[in-house]
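What the coordinates show
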Amino acid sequence: MAIEPNKTVETDRNGTRFSVKELSAKVLVKSQTDNAKLGHLHSHYAQHPSRGLTPAKLARILSQAEQGDLIAQCELAEDMEEKDGHIFSELQKRRRSLLDVEWQIVPPRNASTAEIKDADMLAEQLEDMQILDDLIFDMSDAILKGFSNNEIVWQQQGKLWLPEAFNYKDPSWFMTGQTNASTTNSVNNIVDRNELRLRDNTLEGATLQPFGWVSHVHKTKSGYLGRNGLARVLAWPFLFKNYGVRDLAEFLEIYGLPLRLGKYPTGADKTEKATLLRAVMSIGHNAGGIIPKGMEIDFKEAAKGNKDPFEYMISLMEKTISKTILGGTLTSQADGKSSTNALGNVHNEVRQELRDSDLKQIGNTLSRDLVLPMYMLNGKSYRTPNRSPRLVFNVVEAEDLKGYAESLPKLVDIGFAIPQAWAQDKLQIPVAQKDEVMLTKQAKAEPKPKSAGLAFEEPQAKLKQMAIKRIVALKSQSENARQEVDDVDLMSATLQANMSPILAGFTDEVRKLVESADSLETLQVSLNELDLSIDEASEVLQLALVAADLAGQYDVNDDVSEA
């Protein structure tokens, strides 16, 4: 059961004091925008200020936003996202990347058992919400427009107050403070230009009710709220790109067509002139037309030129847009010249830094406008907002497991005291909970110890096997060749053939030293330093000795059997 915070008086981020008891009866049951005073907002439709946009008109729109009138600037941002496919694509990359990052509810520092239990309860409720991803995506709209407001619709489930829906509200519904009496210093006449208010047809606007909104202001640059957001930066390349597209369309329309020059006689009236003009304008596409007698149409040289200047203008503006939204261009398009893998990785790192910054800002807003209200309404351990749990996105990338697996044991062996929690955080390995199945190291079967006799007998057995094969081969050679050569002579010849290449190698090395020596002293030093490997020669001699022994045993056994 939740505690009774009903008698508690709190202060919202605008400095307004409120009671949780009054909140339960007013805000949680009915949404603020359902008020009849704000009915005109539901019938507001966009004016699409991008129509006929000129530098002078754009400057006027931006100036109005600085003075608190955000309608035209927000509607222009909406038009830019709808009309420019490049802006839409780059914004989608930045906004959609926020949805794949995991989050967690972190209890306050040195949390008590009750605070940890409440944090687990909030995490469970938020994880069960299927609409949280939609909320995060709608909040990311503030990247372009500077702010995003989502109204919370509360519902009561048993004894818990939980969000049922988050209704995204059009940015044109809001304004910044102008002459707000509650936030104006009577001495210095200071106006809070960073406070968002609903447009209720008053000069001050309506304050956003506590616990009723997830109001996210995205800091893309320092400055007042009206000057925040990427829309103000993107508006200029959007405008100049439109000029380039328009000029390219006009050029393609007349490209290859000759210049038509109409001549009318002196004294022609307006009707005749209009008739001639229509004929001149249509004859290029229709390849035919009629004009009054006495008038002429001359065809001059066809229009020349190329599309390169227009394409350069469009490409330059799109690169500026990519830099503004993603911090680079190589994650958006490759030109085949400067697009290397290394530069692409650098640009992707910049893009990841932007993602992490966006998530941290969104996490702070969710902690203030969603987690804290749920904690105040449902938490048993609630005492003060400073001890509220926080929603934190896991933006730390897991380190290289292989590198840490090799280096950590070595560091521990030389005396480094490494906390286990630090290693698990670096590797993004969660702490095992009770009753969880954990991975364990499988015990290896220990090899049976070998006796000294077996250790000595194994190489001898191998040599015997090799010798037997050699004897069989020698006897088969002898029979096939039908040579009456004694077995001892044959084995001697075989040993000589096997040892000759080895001895020749020894001789070659000594010969090289003799030929390169300048004096006997130098030769003596070189011979002392010479390291000849006799492993191969030893193996051949051992094989010969074992073969001779086995051959002797065979002859003895053969004589005994004959006798």
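Residues numbered from 1 in each chain as written. Predicted model: local features only at pLDDT ≥ 70, side-chain atom pairs only at ≥ 80, totals over all residues. Heavy atoms only, no water.

1. With respect to the pattern of salt bridges
Under the definition given, this model contains 16 salt bridges. In this structure, the salt-bridge partner of Glu90 is Lys93, at a minimum N-O distance of 3.0 Å. One end of the pair is Glu90 and the other is Lys93, both in helix H5 (residues 85–96) and three residues apart, which spans about a single turn. Residue classification places Glu90 among the buried positions, given a relative accessible area of 1%. Across the pair Arg197 and Glu195 runs a salt bridge, and its minimum N-O distance is 3.1 Å. The same class applies to Arg197 as to Glu195, namely buried. Ionic contacts of the salt-bridge type, sharing partners, join the residues Glu78, Glu81, Arg95, Asp141 and Lys145 into one network. (Salt bridge = Lys/Arg side-chain N within 4 Å of Asp/Glu carboxyl O. Helix = DSSP H or I, 4+ residues; strand = E, 2+ residues; numbered from the N terminus. Buried < 20%, exposed > 50% of the residue type's maximum accessible area, 1.4 Å probe, protein only.)

2. What to know about the layout of surface pockets
Roughly 1000 Å³ of volume is contained in the largest pocket. Lining the largest pocket are 27 residues, and of these Trp103, Gln104, Ile105, Pro430 and Val431 lie nearest its centre. Taken together, the elements giving at least two residues each to the lining of the largest pocket come down to strand S3 (103–106), helix H6 (113–127), helix H7 (132–139) and helix H14 (420–427). In terms of residues, the lining of the largest pocket owes the most to one element, H6, which gives five residues. Broken down by class, the residue content of the lining of the largest pocket amounts to 17 nonpolar, five polar and five charged. (1 Å grid on protein atoms, 1.4 Å probe; cavity = no way out; pocket = protein on both sides within 12 Å on 5 of 7 lines; lining within 4 Å. Points joined across faces, edges and corners; volume = space filled by probe spheres on them. Nonpolar A, V, L, I, M, F, W, Y, C, P; charged D, E, K, R; others polar.)

3. With respect to the sheet that holds strand S5 (residues 160–169)
Spatial ordering of the open sheet is given by S5-S4-S9, a layout of three strands whose pairing is antiparallel. Two strands close off the open sheet at either side, each with one partner strand: S5 and strand S9 (213–217). Averaged over all adjacent pairs, the angle separating strand axes in this sheet is 25 degrees, with direction ignored. Contacts from H7 reach strand S4 (147–157), S5 and S9, with the element oriented near 160 degrees to S4. (Pairing = 2+ DSSP bridges. Axes fitted to C-alpha atoms, helices over the stretch in contact; angles between N-to-C directions. Contact = heavy atoms within 4.5 Å.)

4. Looking at the side chain of His86
Structurally, the position occupied by His86 is in helix H5. A polar atom in the side chain of His86 sits 3.1 Å from the backbone oxygen of Glu318. At a separation of 2.8 Å, a polar atom in the side chain of His86 contacts the side chain of Ser322. Ignoring sequence-local partners within four residues, the contact set of His86 consists of Lys241, Glu318, Ile321 and Ser322. (Polar contact = N/O pair within 3.5 Å; in protein donor to acceptor, adjacent residues only side chain to side chain.)

5. Some points on the pairing of S9
Of all five residues making up S9, four are buried, and the element is well covered by its neighbours. Where S4 lies against S9, five bridges are found, and the strand directions are antiparallel. Residue pairing for S9: Asn150 is matched across the bridge by Val214.

6. Considerations on a negative patch on the surface
On the surface, a cluster of negative charge is made up of Asp120, Glu124, Glu127 and Asp128. Secondary-structure assignment places Glu127 in helix H6. (Patch = residues over 30% accessible without salt bridge, like charges linked within 9 Å, V, L, I, M, F, W, Y side chains within 5 Å. Areas by Shrake-Rupley, 256 points an atom, 1.4 Å probe, with all protein chains shown as cover. Lys, Arg positive; Asp, Glu negative; His and termini not counted. Charge placed at Lys NZ, Arg CZ, Asp CG, Glu CD.)

7. Details of the side chain of Asp358
One can find Asp358 in helix H12 (residues 341–378). Among the polar contacts made by the side chain of Asp358, one reaches the side chain of His218 at a distance of 2.8 Å. Those residues in contact with Asp358 that lie beyond four places of it in its chain are Arg94, Leu98, Ile143 and His218.

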